[in-house]
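Topology and contacts: notes
If you want the building blocks of each chain, they are given just below.
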Amino acid sequence: MNYLLSFMSHDWSGLVIATVMAIAGGGLVFWSRRGRRRSPLVVGWIVIAGSGVLAAGATYHLVRVAQVRAEHPVPGKLVDVGGYRLHLLAEGDARGGPTVVWMPGGHAGGFALYHLHAAMRGETRSILIDRPGSGWSDPGPFPRTTPREVAEVVAALRNAGERGPFVFAGHSFGGLLLANIARRHPELAAAVVLLDATPPDALNYAPPNPFIDDMFREATVTMFQRAFGLHRELAERLFPRQEPAEFARISQLVKLRLGDAEKALRAIEDSPRTYAANRSSFEELRRGGLGYEETVYDGDLGDMPVYLVAPPRMAEFETVAKEVLGGKATPEQRETIRLQRFYTLTRERYMDVSSRSVRVFAPDGSGHNFPYEHPEFVIDTMRRVLRDVAAPADATAPTR
């Protein structure tokens, strides 16, 4: 499967598939004519016709990719990390303090947190990084794993000439990735800010999560759609789907917060390479949990300043519980109560990764995507972290 994902991560993959189909169809026609067999002849011409349609779509995709890259040139710089390049956007002056490195959730490109970067770059140095396959970065090798992406992000920072220590700030799965960087490279971390980071226990011990399975299937299908020119606008018209109201609300909020950055990211990621990388990343999440190499355990970050920033409870719990429990969730049901307790407590486990951890509560009523609901709160929190890091350790060391 990794060989297939590596192949599909190239924009020309659809054209190669169409060409192979055309050759196969032509061979079938030739063989059937020599043997005077009618059925294979018909099948051969059908295959040839189908390959022509696919070739047209694949050619359109290549033309569109060229247009999109002309309209949205690389905003930062492409940094070699060992035969492939990662996109890194670094702006602002650190002014003697640490640089902030942002990492969005899922496997999204760095521009998914552009609104926070834009707000902080006037006060410190701020960095956005596109993991392989996302944003403007090259696809990179497969599979997409947390240990591999730790090494890639660290190499991108070093090869770009950025010097730590850094304040690593990651949302959701991006928070788990940056916590892994801090564990493996503590010399690079001045502090870690976990913006409702994905807790490993929520993957290892929770009931099967249909949302992860849905994302995995969607990434697989979309990878092939994009290779043959079925891009987002057309695909959404041909295959409309109704997403939960809460997810639709957040999608609109992301567009509002990011503005032109969201349009650029959506356009540049409308490619099979993005969905091949997503599929591989989701495979790590759905394979039965994260293992020893991907997990940050109790005490792993020593006395490093760690800020767990999250709402006091899971605001989207009702939507999630209905999916996880098969639509049978009610406030009175024992399993519903247990699930809510489980998700609440697994998040708090991050408090034990360091002896210098502090819990910061997001505004009341906010959910997992509070960086979009309340960006000003996140910015104020980052200012606090930078002040703490700059102050004498014995005077302002974060505590529980």
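Right, let's walk through the structure included here.

Calculation rules
- Residues numbered from 1 in each chain as written.
- Predicted model: local features only at pLDDT ≥ 70, side-chain atom pairs only at ≥ 80, totals over all residues.
- Heavy atoms only, no water.
- Helix = DSSP H or I, 4+ residues; strand = E, 2+ residues; numbered from the N terminus.
- Expected span 1.5 Å × (residues − 1).
- Buried < 20%, exposed > 50% of the residue type's maximum accessible area, 1.4 Å probe, protein only.
- Arc of directions from axis to C-beta.
- Contact = heavy atoms within 4.5 Å.
- Core = buried A, V, L, I, M, F, W, Y, C linked by side-chain atoms within 4.5 Å.
- Pairing = 2+ DSSP bridges.
- Axes fitted to C-alpha atoms, helices over the stretch in contact; angles between N-to-C directions.
- Salt bridge = Lys/Arg side-chain N within 4 Å of Asp/Glu carboxyl O.
- Right-handed = clockwise from strand over helix to strand, strands pointing away.

1. A look at helix α10 (residues 245-258)
Over its 14 residues, α10 runs 20 Å from end to end, which matches the ideal 20 Å to within 8%, given 1.5 Å per residue. Among the residues of α10, those classed as buried are I250, L253, V254 and L258. One side of α10 holds all its buried residues, which, seen down the axis, span an arc of 115°. Across from the buried face of α10, at angles greater than 90 degrees, the exposed residues are A245 and L256. Its buried side turned inward, α10 meets α4 (114-120), α11 (260-268) and α15 (370-373).

2. So, the nonpolar core
Counting 45 residues, the largest nonpolar core has L88, I129, L157, F168, L194 and L301 as its most contacted members. Here this core gets seven residues from one element, more than from any other, and that element is helix α6 (residues 173-184). Aside from chain neighbours lying at most four places away, what touches L88 is G76, K77, V79, I127, L128, I129, A156, L157 and A160. Ranked by size, the runner-up nonpolar core spans 39 residues in total, among them W102, A190, I268 and V309.

3. Here's the deal with the sheet that holds strand β1 (residues 77-80)
A sheet is described by the order of its strands in space; here eight strands give the open sequence β1-β2-β4-β3-β5-β6-β7-β8, paired in mixed fashion. Two strands bound the open sheet, and with one partner strand each, they are β1 and β8 (356-361). When the angles between neighbouring strand axes are averaged without regard to direction, this sheet yields 25°. Relative to strand β2 (residues 85-91), helix α5 (residues 146-159) is tilted by about 55°, and along the sheet it contacts β1, β2, β3 (99-103), β4 (126-129) and β5 (166-171). Contacting β3, β5, β6 (189-195), β7 (305-310) and β8, helix α16 (residues 375-390) runs over the sheet at an angle of about 155° to β6.

4. Comments concerning the pattern of salt bridges
Applying the stated criterion across every chain yields a total of 21 salt bridges. One salt-bridge network, held together by shared partners, links R64, R226, R232, E233 and D270.

5. Remarks on the pairing of β4
Regular strands have side chains that alternate between both faces of the sheet. Of the two faces of β4, the one carrying S126 and L128 and the one carrying I127 and I129 are both buried. Both β2 and β4 contribute to a ladder of four bridges, which runs antiparallel. If you follow E91 over to β4, its bridge partner there is S126. Of the strand pairs in this sheet, β3 and β4 are connected by three bridges, and their pairing is parallel. The residue of β4 that forms the bridge with V100 is S126. Handedness of the crossover joining β3 and β4 through α4 is recorded here as right-handed.

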